[in-house]
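A closer look at the structure
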Amino acid sequence: MARIEVPMPQMGESIAEGTVSKWLKQVGDEVGRDEPLLEISTDKVDAEIPSPAAGTIAEIVVQAGQTVEVGTVVAILETDKGAAAAKPAAGTSKEPAKKETKAQHQEEPSAAHQPASTATGGAEVAAPGAAVAGADGDGGDSGGEESAEDRVRRKSTPLVRRIAEEHGVDIAAIDGTGHAGRVTKQDIMSYLESGGAGERGSGATAAVAQRASKSATQAASQTAGASTTADSFWQTFHSQVRHPEFPVRDADNVEPMDRIRRLTADHMVRAKRIAPHVHSFIEIDFTQIDRVRGSSRNKWEQAGVKVSYTGFVAWAIARVLPEFPMVNSTVSGTNVIYRGDINIGIAVDLNPGLIVPVIRNADELNLVGVSKRINDLAERARGRKLKPDEIQGATFSITNPGVLGTMVGMPIIPEGTAAILGTGAIEKRPVVIEADGTDVIAIRKRALFSLGYDHRIVDGADAARFLARLKETLQAFPEDA
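Structure report, in brief. Since we're looking at a predicted model, the values are computed, not measured.

1. Quick notes on helix α13 (residues 309–320)
An α-helix turns once per 3.6 residues; consequently, residues spaced three or four apart project the same way. In this model α13 runs 17 Å from its N-terminal to its C-terminal C-alpha over twelve residues, within 8% of the 16 Å that 1.5 Å per residue would give. Most of α13 is tucked away, with eleven of its twelve residues classed as buried.

2. Structural notes on the packing of aromatic side chains
All told, the structure shown has ten aromatic pairs when counted by the stated rule. Look at phenylalanine 233 and phenylalanine 237: their rings are 6.3 Å apart centre to centre, the planes differ by 20°, and that puts the pair in the stacked class. You can see phenylalanine 233 and its partner phenylalanine 237 sitting in helix α10 (residues 224–239), four residues apart, about one turn around the helix. What makes phenylalanine 237 partly exposed here is its relative accessible area of 28%. Pairing phenylalanine 286 with phenylalanine 449 gives two aromatic rings, centres 6.2 Å apart and planes at 65°, and the pair type is edge-to-face. Pair noted here: phenylalanine 286 is in the loop between β9 (277–285) and α12 (287–302) and phenylalanine 449 is in strand β19 (residues 438–454), with a separation of 163 residues, a long-range link. An aromatic cluster is built from Trp300, Phe312, Trp315 and Phe477, whose rings are joined through pairwise contacts. The cationic tip of arginine 273 hangs over the ring face of phenylalanine 237; the distance from NZ or CZ to the ring centre is 4.7 Å.

3. Focus on the sheet that holds strand β8 (residues 73–78)
Ordered by their spatial adjacency, four strands build an open sheet running β1-β8-β6-β3, and the pairing between neighbours is antiparallel. Single-partner strands in this sheet number two, and they are β1 (3–7) and β3 (30–31). Bridging between β1 and β8 involves five bridges; their strand directions are antiparallel. Counted as the bridge partner of valine 6 is alanine 75 from β8.

4. A few points about the pairing of strand β10 (residues 329–332)
Direction of pairing for β10 relative to strand β11 (residues 335–338): antiparallel, over a ladder of four bridges. The residue bridging serine 329 from the neighbouring strand is tyrosine 338, located in β11. The loop that links β10 with its antiparallel partner β11 comprises two residues; one of these, glycine 333, has a positive phi angle of about 65°.

5. Examining unusual backbone geometry
Phi is positive for aspartate 34, close to 70°, though the residue is something other than glycine. As for its placement among the helices and strands, aspartate 34 is situated in the loop between β3 and β4 (36–41). According to the relative accessible area criterion, aspartate 34 is exposed, its value standing at 52%. A positive phi is found at asparagine 361, a non-glycine position, where the angle reads about 50°. Secondary-structure assignment places asparagine 361 in the loop between β15 (358–359) and α14 (367–382).

Calculation notes
Residues numbered from 1 in each chain as written. Predicted model: local features only at pLDDT ≥ 70, side-chain atom pairs only at ≥ 80, totals over all residues. Heavy atoms only, no water. Helix = DSSP H or I, 4+ residues; strand = E, 2+ residues; numbered from the N terminus. Expected span 1.5 Å × (residues − 1). Buried < 20%, exposed > 50% of the residue type's maximum accessible area, 1.4 Å probe, protein only. Phe/Tyr/Trp six-rings, centres within 6.5 Å; stacked < 30°, edge-to-face > 60°. Lys NZ or Arg CZ within 6 Å of the ring centre and 35° of its normal. Pairing = 2+ DSSP bridges.

This is the structure:
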């Protein structure tokens, strides 16, 4: 008899949690390998999660509507059909299943937790949360009597604890609706919105003061304490955002952000907070690309492939990036991680919303191959059919505001990368060119490109050389790409 844990998957490098939107199967249902099991939602993607194996659902740990951290077990599969065919009776204790899971975690780290700490090569901002996973109810026993503080930590996630500390809330005062009385993000947000923080202000302040006093004592007794305090500050700075509030006027209409908009806002603030943004611009002539499109259009149509301008740009980017490793890198502490793969993220407009699926190893594909991948990813993105690994691991990104008529944009660099290219509208313009030794005015299709780059690692001269090389590649685009 084998029991298989189904974890909340890693849906992106900057994603630390996900919400179970809907269960497609129930306890006692049989499910095949790769058959859709549940739907989850994050700030970047809504997706169906396939079953990791064939079997019967023995237990649903996380109910629809609950938000949990990446790696949290959401369901248990039983490969022996007879052992889990009957649904548990109401009020039946789930403690045996919890103990088994706990024992498994004591023996070795769960495979479900490994991607969150290894997928980014050490650059994951959310990694600090993983460091306290053992105190979150999944680790081994402490071997002694559990303190009140430990009990509080066991009934909440690191994300919830960070929110509580930021707002001065005593988590022990909140009734948890999660599994085994766990305080979820929805619980603490509802508590704050209902004014609970104010009602319990004195108790919360005392709890926070007690923790602060304890930290201060430790810092005074050993030098390492100061380092711990500094590390905590930077972890908070790089992972949490608090937006200022403004007075509401009589004619205003106030609506709360939905979850996607709220988390997107947080990601954008963090990205700007972490990387010093600089933008450089260059103008590209698409005359040669139009020639290639014209001569190959029939061939592509017969093959059922649509090759857009974005396909040409992505192909050229994949060839130019290896010449500029600093553009295909990221800063990690006092180190620089030079990415070994060329994984290009392509921003897709969901209207409303935005998602960035990734073309992996784009440098290994020809023009038609790149275009097929772009078309496939964009279609499945709009149909919310992307798989978790298809929206993570980008080493460079392209966004195309020009498709909506924008002349040029200044995009924000995604966390964990060093640069992003913004492509402007491709339009006919009068330009001065040289013909037979004489300057003449001609009509050419041209577009402005912007490169947003992290000035910690990419210098202005690097960006200028990168853009010049990209321009050269596009304006002399080969017929046999």
